[in-house]
Amino acid sequence: MEKITEDDLSADQLINTLWREKWKIVLFPILFVLIAFIYLNILTTNKAEISFDLKQAEQSAFIFLAPVQENIQENKNNTQLMLDSEFFFNKFVKEFRAYNVLSDVLKSQDYFTKSSEIQDALQSDKLKSFAKNSFTLHYPNTKLKPWTVKIKWPNVDDGKMIFDKTATIILEKIKLKIIDDIELMAKNYELENKDNIVKLQSDLIVLEKEILESKKNRIEALKIHDNLARDLNIKKFQRKSRLGSQDIVINMLPANNKGGEKNEDSPLGPSGIRGNETISTNYFLNGYEMISAEIKVLNGESNFNSLRRSSQYNTILQKIDFLKNNMIPKQLRGSKSIVLNADIKDWVSYDLSLAKVTGGNNAFFYLFMSFFGLIFGLLIIITSKALAKQKKL
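Residues numbered from 1 in each chain as written. Predicted model: local features only at pLDDT ≥ 70, side-chain atom pairs only at ≥ 80, totals over all residues. Heavy atoms only, no water.

K.L.:
Any details on the overall build of the protein? Residues and values, ideally.
P.N.:
Broken down by element type, the protein carries 14 helices and 7 strands. Counting over 393 residues, the protein shows a buried share of 37%. (Helix = DSSP H or I, 4+ residues; strand = E, 2+ residues; numbered from the N terminus. Buried < 20%, exposed > 50% of the residue type's maximum accessible area, 1.4 Å probe, protein only.)

Structure follows, in structure tokens:
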């Protein structure tokens, strides 16, 4: 028997036999790696623990948003939106801890359909709970330290890939939410402007009526003094009254006006101006020439000029013009393109290459099973050939 073995299994014959059966030998490592994959991903819950730091990005990463922030701050009702590193980090943490995005990522991966654990979570509607147990964000003990991401997953690379994809989707979601918020600000600002314009236009109509009514009342009062001056033959200004010092006040106040202000700017007095306008009876001492001239000027003055001599009227017109030509909504909408074109990868800071990994050394296990399959295949081929030769003899 020894003689047969030595003859049949010489070095040359062994090499030739192995070369002829090379494809069978290669098949064994592949088969053993497949067995290892099924064992790690289906039959067991052997998981690696991956941990790495998560922290706020440098403030310099958001310099490009400075014009956007300026436009937002112009809208005084929406100053709560501060686009800085703290804002983006807090938004990211809140969105991640909701686990809705992570759950969607887990559902979308074809690889995970082979995992019995995830399939069970899907069927029992507990995928969010499974995601929360597998991917956690840990708050630091002190503010000076970063947050810690901890992942429990069978395959290290897959675990990192899942987190990275989830983070990208969350940041993109935050970007779109900011764009929606900016558009909402612009619309609210426009609506607020329209409401203010309507209110100011309403005030303007009321004021116009008061001013023109006041002008009419003054003309009527001036006519009374004009007639009185003519009756007394007072042609020009009289320094002293021949009728004594008693003043009888003629009320010029419109019926719908409860008080107001005098305008001292008019060279003709408070003509055409809203307010509690009075002309004392000694006004006729100015003489009918001057009073008639004033009446003529007032009658010849257009309503437009009468209105524009009111500082209050002009102020309202300026406010309406400002609101109609306000550029803040347009500037806000222009800011949307800045945010839309922004690169989100630097909005939060983490480095997967620096992740610490404990347990679940799948790469080593696959390598071991591959090597074991190769040795097993060689032994099978050699033994089977040796037994075949023995049977022939």
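K.L.:
Explain the packing of helix H6 (residues 100–108) against helix H9 (residues 156–231) to me, and be specific about the residues and the numbers.
P.N.:
It is the contact of H6 with H9, at a shortest axis distance of 9 Å, that shows an interaxial angle of 130°. By the angle between their axes, H6 is oblique relative to H9. The chirality of how H6 crosses H9 is right-handed. Only Ile162, Lys165, Thr166, Ile169, Ile170 and Lys173 of H9 make contact with H6, whose side of the interface consists of Val101, Leu102, Val105, Leu106 and Ser108. The residue inventory of the contact of H6 with H9, partitioned by class, reads 7 nonpolar, 2 polar and 2 charged. (Axes fitted to C-alpha atoms, helices over the stretch in contact; angles between N-to-C directions. Parallel < 35°, antiparallel > 145°, perpendicular 65-115°, else oblique. Left-handed = near helix turned anticlockwise from the far one by under 90°. Contact = heavy atoms within 4.5 Å. Nonpolar A, V, L, I, M, F, W, Y, C, P; charged D, E, K, R; others polar.)

K.L.:
Summarise unusual backbone geometry; cite the residues concerned and give the values.
P.N.:
A positive phi is found at Tyr99, a non-glycine position, where the angle reads about 65°. In this structure, Tyr99 sits in the loop between helix H5 (85–98) and H6. Phi angles above zero are rare outside glycine, and Asn233 is one such case at about 55°. Along the polypeptide, Asn233 turns up in the loop between H9 and strand S4 (249–251). Its relative accessible area of 59% is what places Asn233 among the exposed residues.

K.L.:
Describe the nonpolar core, listing the residues and the values that go with them.
P.N.:
The biggest cluster of nonpolar side chains holds 52 residues, and the ones touching the most others in it are Phe88, Phe92, Phe96 and Phe163. The element contributing the most residues to this core is H9, with 13 residues. Those residues in contact with Phe92, other than ones at most four positions away along the chain, are Leu54, Phe163, Ala167, Ile170, Leu171, Ile174 and Val348. One finds Ile197, Leu200, Leu204 and Ile316 within the second-largest nonpolar core, a separate group that totals 10 residues. (Core = buried A, V, L, I, M, F, W, Y, C linked by side-chain atoms within 4.5 Å.)

K.L.:
So, the packing of aromatic side chains: which residues are in play, and what are the values?
P.N.:
What the rule picks out here adds up to 18 aromatic pairs. Taking the centre distance of 4.4 Å and the plane angle of 45° together, the rings of Phe88 and Trp347 count as tilted. With a gap of 259 residues between them, Phe88 in helix H5 and Trp347 in the loop between helix H13 (328–340) and strand S6 (348–349) connect regions that are remote in the sequence. Phe88 gets classed as buried once you look at its relative accessible area, which sits at 1%. (Phe/Tyr/Trp six-rings, centres within 6.5 Å; stacked < 30°, edge-to-face > 60°.)

K.L.:
Give a detailed account of the environment of His138, specifying residues and quantitative values.
P.N.:
Examined against the element boundaries, His138 turns out to sit in strand S2 (residues 135–138). Here His138 falls in the partly exposed class, since its relative accessible area comes to 35%. Each C-alpha atom of the pair His138 and Asp53 lies 9.6 Å from the other, and the pair is 85 residues apart in sequence. Setting aside chain neighbours within four positions, we find His138 in contact with Trp147, Thr148 and Lys150. At a separation of 3.0 Å, a polar atom in the side chain of His138 contacts the side chain of Thr136. (Polar contact = N/O pair within 3.5 Å; in protein donor to acceptor, adjacent residues only side chain to side chain.)

K.L.:
I'd like to hear about the pattern of salt bridges, residue by residue, with values.
P.N.:
Across all of its chains, the model carries 14 salt bridges by this definition. Among the ionic pairs, Arg309 bridges to Glu301, the shortest N-O distance being 2.6 Å. According to the relative accessible area criterion, Glu301 is buried, its value standing at 16%. Salt bridges linked by common partners bring Glu183, Glu190, Arg333 and Lys336 together as one network. (Salt bridge = Lys/Arg side-chain N within 4 Å of Asp/Glu carboxyl O.)

K.L.:
Account for the confidence of the model for the protein, naming residues and giving values.
P.N.:
Averaged over the protein, the pLDDT score is 78; the fraction of residues at 70 or greater is 76%. Under a pLDDT of 50 for its full length, residues 1–7 has, in the predicted model, 3 contacts with residues more than four places off or in other chains. In the predicted structure, residues 241–276 sits below a pLDDT of 50 and forms 76 contacts with residues beyond four places in sequence or in another chain. (pLDDT = per-residue confidence, 0-100.)

K.L.:
Residues and numbers for the side chain of Ser335, please.
P.N.:
With respect to the element layout, Ser335 can be found in helix H13. Excluding residues within four positions of it along the chain, Ser335 makes contact with Pro67, Val68 and Asn71.

K.L.:
So what about the pairing of S2? Which residues, and what values?
P.N.:
Burial of the side chains of S2 is restricted to one face: Phe135 and Leu137 are buried, whereas none of Thr136 and His138 on the reverse face is. When S2 meets strand S3 (residues 147–153), the two strands line up antiparallel, connected through 4 bridges. By the bridge assignment, His138 is partnered in S3 with Thr148. (Pairing = 2+ DSSP bridges.)

K.L.:
Account for H9, naming residues and giving values.
P.N.:
An ideal rise of 1.5 Å per residue puts 112 Å on 76 residues; H9 measures up with 111 Å between its terminal C-alpha atoms. With a side-chain oxygen positioned 3.0 Å from the backbone nitrogen of Asp157, the residue opening H9 is Asn155. Taken from the residues just after H9, Asn233 is the one with a positive phi, measuring 55°. (Expected span 1.5 Å × (residues − 1).)

K.L.:
Give a description of a nonpolar patch on the surface that names residues and reports values.
P.N.:
On the surface, Phe364, Phe368, Phe372, Phe376 and Ile380 cluster together to form a nonpolar patch covering roughly 490 Å² of accessible area. As for its position among the elements, Phe376 is in helix H14 (residues 362–392). (Patch = residues over 30% accessible without salt bridge, like charges linked within 9 Å, V, L, I, M, F, W, Y side chains within 5 Å. Areas by Shrake-Rupley, 256 points an atom, 1.4 Å probe, with all protein chains shown as cover.)

K.L.:
So what about the side chain of Glu294? Which residues, and what values?
P.N.:
Counting through the fold element by element, Glu294 comes out in helix H10 (residues 288–300). One polar contact links Glu294 to Arg218, side chain to side chain, over a distance of 2.9 Å.

K.L.:
How would you summarise H5 if you had to cite specific residues and measurements?
P.N.:
When the terminal C-alpha atoms of H5 are compared, their 20 Å separation across 14 residues agrees well with the 20 Å that a helix rising 1.5 Å per residue should span. Those residues of H5 that fall on the buried side of the exposure criterion are Ser85, Phe87, Phe88, Phe89, Phe92, Val93 and Phe96. Summarising the contacts, the buried residues of H5 are in contact with strand S1 (48–56), H6, S2, S3, H9 and S6. Tyr99 occupies a position one or two residues after H5 and carries a positive phi of about 65°.

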